[in-house]
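# Descriptive structure summary
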Amino acid sequence: RVCVEKLALHRRNAALITKQQEGLRSYRRIRRRPKRSCTAVNCTVRRRRYWAAKFKLIRWSGLAQRGTCRTLQRQGQLCREAAIGLYSIALALEIHIYLIMQRQITRAFTRTFSRDSVHFSILRQSASRFSSASFVQNDARNKPAVFVEMNTPAPVQLPDPFVLVKSQLRPLDASIKELVGTDHPVLSAAAHHFFELAGKRFRPTLVILAASAAAGGEPAQASQRRLAEITEMIHAASLLHDDVIDLADTRRGTKAAHKIYGNKVAVLAGDFLLARASVLLARLKDVRVVELLATVIEEMVQGEMMQVRATPEQLVSFEHYLDKTYRKTAALMALSCEASALLGGHSDEVAAALQAYGRHLGIAYQVVDDLLDFTGTNTSLGKPSLSDMEQGLATAPTLFAAEEHPQIVELITRRFKEEGDVAACSALVARSAGLARTAELASSHAQMAADALGVLPPSSARDALLRLCFDVLNRSA
């Protein structure tokens with residue numbers, strides 16, 4: 001088509017040039033005629049013919065020039081169209097060659113790995129991690145299609161939550177140490193004591209993953225990372241106070257802060273961390289988030305009072321046990337997750353879903369902790385086993401065992417104060433279904449935590465939150 005149109009343009013231009021040449025010859029003919037008698041009539045006729053021929057020459061010359069210009073413009077357009085056409089042909093050929101090569105590679109790949117289905121499945125699972133389809137999808141109930149149970153390994157496609165947020169958690173330790181700095185050396189050392197201990201930073205990881213999952217996998221914002229630091233500071237303050245109240249000797253395998261600096265300094269260090277966390281919280285300039293984190297501190301204090309001031313009837317009440325567990329452990333996780341959603345500007349539905357996830361995950365975390373108090377060792381726990389009963393506390397395994405062995409109720413109501421009460425109760429728990437029922441209780445709350453994430457879009461962050469449900473159940477310390 002381009003060639004045909006260019007040929008037509010050349011023909012049209014040649015016709016215009018021919019007419020221009022005819023006008024030029026006519027004009028020259030008139031100029032070369034011999035002059036006749038200069039009568040008025042002859043002069044007028046000759047003058048008219050002369051100017052007519054000259055105008056005709058000018059007219060055809062102008063048309064020829066304009067035609068030449070239009071021809072050149074059109075030729076440029078045709079050249080551009082031809083170039084685009086050639087590029088399209090080259091691109092089509094390149095795509096065609098690529099598809100042929102891809103088919104050949106696929107056939108060779110299939111022939112190579114069809115002999116070893118195990119290796120082929122491993123490669124297919126690795127490749128699926130880079131596809132959006134590899135994320136855990138919702139089932140017909142609009143819940144994540146995972147089944148969470150104790151002693152069941154997590155699906156291989158679920159990412160390690162601590163590895164996923166490692167780059168965002170790396171500056172957290174240095175930032176916290178800078179934020180809790182004070183001019184008093186003893187108070188500063190006591191406040192830094194907890195952060196010097198090795199740990200996975202479970203709660204900051206939870207907050208950052210909740211923020212990322214609510215945003216469809218996007219990284220957490222600066223305000224949400226600051227919320228993670230505040231959450232860790234509140235947790236550290238609660239541990240400093242708990243160790244003083246419980247008269248604990250160790251924390252994570254090392255001496256507790258009050259054993260090094262004394263009770264007064266340890267309490268003041270906890271108060272200092274809460275005060276510094278409150279200042280950082282106010283700087284977030286979000287009233288709802290401030291209210292949520294203030295509620296966390298209130299719930300933790302009330303939970304501690306429920307544990308210390310419980311009546312004999314409350315000591316054997318399972319509802320009292322779960323209420324205390326939520327206030328002391330799960331409230332911080334639940335309300336911190338909700339606050340991270342609010343800081344990200346997400347809907348109330350997403351905030352409620354993350355709050356439910358944190359509540360059930362926190363309860364499962366504490367129930368597993370109570371189970372490990374019976375099944376763990378001093379080395380793995382970093383503290384003496386059966387320490388809950390030594391402190392006069394009845395946890396889930398003991399309460400379940402009391403339904404089969406009523407004599408345990410008397411031991412609970414006197415808070416295991418007499419000699420031999422702890423050993424007797426431990427033996428009765430071992431002969432009962434208390435440990436198995438406790439594992440089922442933790443599994444049910446972990447499953448409810450996973451189900452709460454159905455509101456969030458599938459992403460690597462949501463899968464990491466699902467993985468946390470398995471990690472909480474299968475932990476050994």
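What you see as residue numbers is a count from 1 along each chain, following the sequence as written. pLDDT decides what is reported in this predicted model: residues at 70 or higher carry local features, side-chain atom pairs at 80 or more are listed and counted, and totals for whole chains, interfaces and linings draw on all residues regardless. Remark: hydrogens and water are excluded; side-chain values derive from all non-hydrogen atoms of the structure.

### So, the overall build of the chain
Scanning the chain from terminus to terminus reveals 21 helices and 2 strands. For the chain, buried positions account for 43% of its 477 residues. Labels follow the DSSP assignment, with helices taken as runs of H or I lasting at least four residues and strands as runs of E lasting at least two, numbered in each case from the N terminus. Buried residues are those whose accessible area, probed at 1.4 Å on protein chains only, stays under 20% of the maximum for their type, while exposed residues exceed 50% and partly exposed ones sit between those limits.

### Description of the packing of aromatic side chains
Centres within 6.5 Å make a pair out of two Phe, Tyr or Trp rings, where for Trp the six-membered ring is used; the pair is then stacked when the planes are under 30 degrees apart, edge-to-face when over 60, and tilted otherwise. Under the definition given, this model contains 3 aromatic pairs. A centroid spacing of 5.5 Å and a plane angle of 65° characterise the contact between Phe318 and Tyr321, whose relative ring orientation is edge-to-face. Here Phe318 and its partner Tyr321 are both found in helix H13 (residues 318–343), 3 residues apart, which amounts to about one turn of the helix. Taking the relative accessible area as the measure of exposure, Tyr321 reaches 2% and is therefore buried. Overall, Phe318 belongs to the partly exposed group, its relative accessible area being 22%.

### Here we look at helix H6 (residues 185–196)
Compared with an ideal rise of 1.5 Å per residue, which puts 12 residues at 16 Å, H6 spans 15 Å between its outermost C-alpha atoms and is within 8% of the ideal. Contacts were defined at the residue level, with two residues in contact if any of their heavy atoms lie within 4.5 Å. Next to the buried residues of H6 lie helix H5 (166–179), helix H8 (222–246), strand S2 (254–255), helix H9 (257–261) and helix H10 (263–283). Each residue after the first adds 1.5 Å to the expected span of a helix.

### Section: H10
The end-to-end C-alpha separation of H10 is 31 Å, in line with the 30 Å expected for 21 residues at 1.5 Å each. For H10, the full list of buried residues reads Ala266, Ala269, Gly270, Phe272, Leu273, Leu274, Ala277, Leu280 and Leu281. Buried residues in H10 make contact with H5, H6, H8, H9 and helix H11 (287–308). Lys285 sits one or two positions beyond H10 and adopts a positive phi of about 55°.

### Quick look at the confidence of the model for the chain
Caution applies to low-pLDDT regions: their predicted coordinates should not be interpreted in detail. Within a predicted model, pLDDT stands for the predictor's per-residue confidence, ranging from 0 to 100. Residues with a pLDDT of 70 or more make up 72% of the chain, whose mean pLDDT is 82. Contacts from residues 109–131, a stretch scored under 50 in pLDDT, to residues over four places away or in other chains number 8 contacts.

### Observations concerning the pattern of salt bridges
In the sections that follow, a salt bridge refers to a side-chain nitrogen of Lys or Arg positioned within 4 Å of a carboxyl oxygen of Asp or Glu. Under the criterion given, the structure shown has 14 salt bridges. Between Arg475 and Asp369 there is a salt bridge, with the nearest N and O atoms lying 3.6 Å from each other. On the criterion of sequence distance, the pair formed by Arg475 in the segment after helix H21 (460–474) and Asp369 in helix H14 (residues 348–375) is long-range, its members being 106 residues apart. Arg475 sits in the buried class, given a relative accessible area of 15%.

### Some remarks on the environment of Ala439
Looking at the secondary structure, you find Ala439 in helix H20 (residues 434–451). According to the relative accessible area criterion, Ala439 is buried, its value standing at 16%. Each C-alpha atom of the pair Ala439 and Leu371 lies 7.5 Å from the other, and the pair is 68 residues apart in sequence. Excluding its chain neighbours within four sequence positions, the residues that come into contact with Ala439 are Met150 and Leu371.

### A few points about the side chain of Lys324
Structurally, the position occupied by Lys324 is in helix H13. It is Asp370 that comes nearest to the buried, bridge-free Lys324 among opposite-charge side chains, at 6.7 Å. In this view, Lys324 contacts Gly303, Met306 and Gln307; residues no more than four positions away in its chain are not counted. Asp and Glu are treated as the negative residues and Lys and Arg as the positive ones, with His and the ends of the chain left uncounted.

### A short note on the environment of Arg467
Structurally, Arg467 can be placed in helix H21. Taking the C-alpha atoms as reference, Arg467 lies 9.4 Å from Val148; in sequence the two are 319 residues apart. Discounting residues that sit within four places of it in the chain, Arg467 has contacts with Ala154, Leu158, Pro159, Asp160 and Pro161.

### With respect to the nonpolar core
In this text, buried Ala, Val, Leu, Ile, Met, Phe, Trp, Tyr and Cys residues form a nonpolar core when linked through side-chain atoms within 4.5 Å. Core analysis: the largest hydrophobic core is formed by 114 residues, its most contacted members being Ile234, Val289, Leu293, Leu354, Tyr357 and Leu465. A total of 14 residues in this core trace back to one element, the largest contributor, which is H14.

### Some thoughts on the side chain of His235
Along the chain, His235 turns up in helix H8. According to the relative accessible area criterion, His235 is buried, its value standing at 8%.

### Notes on the packing of H14 against H21
Each axis is a line fitted through C-alpha atoms, taken for helices only over the stretch in contact, and angles between the N-to-C directions span 0 to 180 degrees. Two numbers describe how H14 lies on H21: the axes approach to 9 Å, and their chain directions differ by 15°. As far as their axial angle goes, H21 and H14 are roughly parallel. Considering the relative orientation of H14 and H21, their crossing is left-handed. Taken together, the residues of H21 that come into contact with H14 (itself represented by Leu354, Tyr357, Leu361, Ala364, Tyr365 and Val368) are Leu465, Leu468, Cys469, Val472 and Leu473. Residues are grouped as follows: Ala, Val, Leu, Ile, Met, Phe, Trp, Tyr, Cys and Pro are nonpolar; Asp, Glu, Lys and Arg are charged; all remaining types, including Gly, are polar. For the contact of H14 with H21, a count of residues per class yields 11 nonpolar, no polar and no charged. Note that the term roughly parallel is reserved for angles under 35 degrees, roughly antiparallel for angles over 145, roughly perpendicular for angles of 65 to 115, and oblique for everything else. By convention, the crossing between two helices is left-handed when the near helix turns anticlockwise from the far helix through less than a right angle, and right-handed when the turn is clockwise.

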